[in-house]
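# Results of the structural survey
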Amino acid sequence: NNLVAADFTQNPQLPYLKFDGIFAGDLIEHLSCIDSFLDFIKQKLDSSGIAILTTPNCYGRHGRLSRKRGTVIDNLEHTCWISPFQMNELCRRKGLTLAEIIYFREGRKRILANQAIPGLRSLEFRTRDLWADEYTYILTQVPQLPSAA
(Lines give C-alpha, C1' and ligand atoms only; values in the text may rest on other atoms or scores of the structure.)
Protein backbone atom coordinates (compact mmCIF):
# COMPACT_ATOMS: atom_id res chain seq x y z
CA ASN A 1 0.00 0.00 0.00
CA ASN A 2 2.58 2.52 -1.08
CA LEU A 3 1.83 5.79 -2.78
CA VAL A 4 4.47 7.51 -4.89
CA ALA A 5 4.12 11.07 -6.17
CA ALA A 6 6.45 11.35 -9.13
CA ASP A 7 7.27 13.60 -12.04
CA PHE A 8 7.84 11.18 -14.91
CA THR A 9 10.21 13.66 -16.56
CA GLN A 10 12.37 14.16 -13.47
CA ASN A 11 12.55 10.80 -11.69
CA PRO A 12 15.14 8.52 -13.29
CA GLN A 13 15.31 6.51 -10.05
CA LEU A 14 11.95 4.91 -10.87
CA PRO A 15 13.20 2.26 -13.34
CA TYR A 16 12.83 -0.62 -10.90
CA LEU A 17 9.22 0.20 -9.91
CA LYS A 18 5.98 -1.12 -11.42
CA PHE A 19 2.65 0.41 -10.42
CA ASP A 20 -0.82 -1.05 -9.88
CA GLY A 21 -2.26 2.33 -10.71
CA ILE A 22 -1.16 5.59 -12.28
CA PHE A 23 -3.29 8.72 -11.95
CA ALA A 24 -2.83 11.93 -13.93
CA GLY A 25 -5.59 14.46 -13.31
CA ASP A 26 -5.85 17.19 -15.95
CA LEU A 27 -2.22 16.75 -16.92
CA ILE A 28 -1.99 15.43 -20.47
CA GLU A 29 -3.24 18.63 -22.08
CA HIS A 30 -0.24 20.46 -20.56
CA LEU A 31 2.49 18.10 -21.84
CA SER A 32 4.85 18.96 -24.65
CA CYS A 33 5.14 15.31 -25.64
CA ILE A 34 2.31 12.97 -24.76
CA ASP A 35 4.26 10.11 -26.37
CA SER A 36 6.83 10.21 -23.56
CA PHE A 37 4.12 10.03 -20.93
CA LEU A 38 2.42 7.08 -22.62
CA ASP A 39 5.83 5.37 -22.88
CA PHE A 40 6.19 5.90 -19.11
CA ILE A 41 2.76 4.36 -18.52
CA LYS A 42 3.57 1.40 -20.78
CA GLN A 43 6.87 0.80 -18.96
CA LYS A 44 5.67 1.36 -15.39
CA LEU A 45 2.14 -0.05 -15.36
CA ASP A 46 1.86 -3.56 -13.97
CA SER A 47 0.26 -6.06 -16.37
CA SER A 48 -2.98 -5.98 -14.36
CA GLY A 49 -2.80 -2.27 -13.44
CA ILE A 50 -4.80 0.69 -14.69
CA ALA A 51 -3.93 4.26 -15.56
CA ILE A 52 -6.57 6.92 -14.98
CA LEU A 53 -6.19 10.11 -17.00
CA THR A 54 -8.59 13.05 -16.93
CA THR A 55 -8.66 15.89 -19.42
CA PRO A 56 -11.03 18.72 -20.36
CA ASN A 57 -13.03 18.51 -23.56
CA CYS A 58 -12.80 21.51 -25.88
CA TYR A 59 -16.01 20.36 -27.57
CA GLY A 60 -17.87 20.37 -24.25
CA ARG A 61 -20.63 22.68 -23.11
CA HIS A 62 -18.31 25.53 -22.09
CA GLY A 63 -16.45 25.43 -25.39
CA ARG A 64 -19.69 25.41 -27.37
CA LEU A 65 -21.09 28.35 -25.42
CA SER A 66 -17.95 30.43 -25.85
CA ARG A 67 -17.86 29.75 -29.59
CA LYS A 68 -21.51 30.81 -29.88
CA ARG A 69 -20.58 34.11 -28.22
CA GLY A 70 -17.62 34.48 -30.58
CA THR A 71 -15.07 34.18 -27.79
CA VAL A 72 -12.49 31.60 -26.87
CA ILE A 73 -11.98 30.51 -23.30
CA ASP A 74 -8.80 28.53 -22.95
CA ASN A 75 -5.96 27.90 -20.56
CA LEU A 76 -2.81 29.38 -22.06
CA GLU A 77 -0.78 26.50 -20.62
CA HIS A 78 -2.65 23.90 -22.70
CA THR A 79 -0.63 22.41 -25.55
CA CYS A 80 -3.33 20.15 -27.00
CA TRP A 81 -6.77 18.65 -26.65
CA ILE A 82 -7.13 14.87 -26.53
CA SER A 83 -10.51 13.62 -27.70
CA PRO A 84 -11.57 9.98 -27.25
CA PHE A 85 -10.65 9.37 -30.89
CA GLN A 86 -7.11 10.69 -30.43
CA MET A 87 -6.64 8.86 -27.13
CA ASN A 88 -7.75 5.61 -28.75
CA GLU A 89 -5.20 6.04 -31.55
CA LEU A 90 -2.39 7.10 -29.20
CA CYS A 91 -3.02 4.03 -27.05
CA ARG A 92 -3.05 1.76 -30.09
CA ARG A 93 0.30 3.14 -31.23
CA LYS A 94 1.84 2.60 -27.77
CA GLY A 95 0.51 -0.90 -27.17
CA LEU A 96 -1.98 0.22 -24.53
CA THR A 97 -5.73 -0.36 -24.41
CA LEU A 98 -8.25 2.41 -23.92
CA ALA A 99 -10.49 0.22 -21.77
CA GLU A 100 -13.10 2.81 -20.78
CA ILE A 101 -14.09 6.40 -21.32
CA ILE A 102 -16.04 7.88 -18.44
CA TYR A 103 -17.78 11.21 -18.60
CA PHE A 104 -20.61 13.06 -16.95
CA ARG A 105 -23.44 14.57 -18.91
CA GLU A 106 -26.64 16.06 -17.53
CA GLY A 107 -25.57 14.97 -14.05
CA ARG A 108 -25.32 11.29 -15.00
CA LYS A 109 -22.21 9.20 -15.28
CA ARG A 110 -21.82 7.49 -18.64
CA ILE A 111 -19.31 4.86 -19.59
CA LEU A 112 -18.20 3.99 -23.08
CA ALA A 113 -16.32 0.71 -23.10
CA ASN A 114 -14.03 -0.53 -25.84
CA GLN A 115 -14.40 -4.14 -24.75
CA ALA A 116 -10.58 -4.14 -24.55
CA ILE A 117 -10.20 -5.05 -28.22
CA PRO A 118 -6.55 -4.70 -29.25
CA GLY A 119 -6.17 -2.83 -32.50
CA LEU A 120 -9.60 -1.21 -32.35
CA ARG A 121 -9.59 1.37 -35.14
CA SER A 122 -12.68 3.43 -34.39
CA LEU A 123 -15.13 4.46 -31.71
CA GLU A 124 -18.77 5.22 -32.24
CA PHE A 125 -20.14 8.28 -30.49
CA ARG A 126 -23.42 10.03 -30.67
CA THR A 127 -22.77 13.69 -31.24
CA ARG A 128 -24.16 14.59 -27.84
CA ASP A 129 -21.62 12.24 -26.20
CA LEU A 130 -18.86 14.57 -27.37
CA TRP A 131 -20.33 17.45 -25.35
CA ALA A 132 -19.13 16.24 -21.95
CA ASP A 133 -17.04 18.86 -20.18
CA GLU A 134 -14.32 16.40 -19.19
CA TYR A 135 -13.28 12.87 -20.04
CA THR A 136 -11.75 10.24 -17.80
CA TYR A 137 -9.74 7.66 -19.73
CA ILE A 138 -8.97 4.25 -18.24
CA LEU A 139 -5.89 2.70 -19.84
CA THR A 140 -4.59 -0.84 -19.41
CA GLN A 141 -1.83 -2.93 -20.87
CA VAL A 142 -2.78 -4.87 -23.99
CA PRO A 143 -3.43 -8.41 -22.79
CA GLN A 144 -0.58 -10.73 -23.74
CA LEU A 145 -1.50 -14.00 -25.37
CA PRO A 146 0.12 -17.08 -23.84
CA SER A 147 3.09 -18.18 -25.89
CA ALA A 148 2.93 -21.59 -27.53
CA ALA A 149 5.50 -23.84 -25.96
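Anyway, here's the lowdown on the structure attached to this text. (Residues numbered from 1 in each chain as written. Predicted model: local features only at pLDDT ≥ 70, side-chain atom pairs only at ≥ 80, totals over all residues. Heavy atoms only, no water.)

### Observations regarding helix α1 (residues 34-44)
What counts is decided by this rule: Exposure classes here rest on a 1.4 Å probe applied to the protein chains alone. A residue is buried below 20% of its type maximum, exposed above 50%, and partly exposed in between. Secondary structure elements are taken from DSSP: a helix is a run of H or I of four residues or more, a strand is a run of E of two residues or more, and numbering for both begins at the N terminus. Taken from the helix axis, the directions to the C-beta atoms give the arc we talk about.
When α1 is considered as a whole, its buried residues turn out to be I34, F37, L38, F40, I41 and K44. Projected onto a plane normal to the axis of α1, the buried residues spread over an arc of 150° and lie on a single side.

### Examining the pattern of salt bridges
Pairing between side chains becomes possible if they bear opposite charge and their charged atoms approach one another. Condition: Salt bridges, as used here, are contacts in which a Lys or Arg side-chain nitrogen is within 4 Å of a carboxyl oxygen on Asp or Glu.
Scanning all chains against the criterion turns up three salt bridges. Close ionic contact of K94 with D39 constitutes a salt bridge, the shortest N to O distance being 2.9 Å. Here K94, found in helix α3 (residues 84-94), pairs with D39, found in helix α1; they are 55 residues apart in sequence, far enough to count as distant. In this structure, the salt-bridge partner of E89 is R93, at a minimum N-O distance of 2.9 Å. With a gap of four residues between them, E89 and R93 both fall in helix α3, about one helical turn apart. Through salt bridges with shared partners, one network takes in E89, R92 and R93.

So far we have only geometry, and geometry alone does not tell us how the molecule works.
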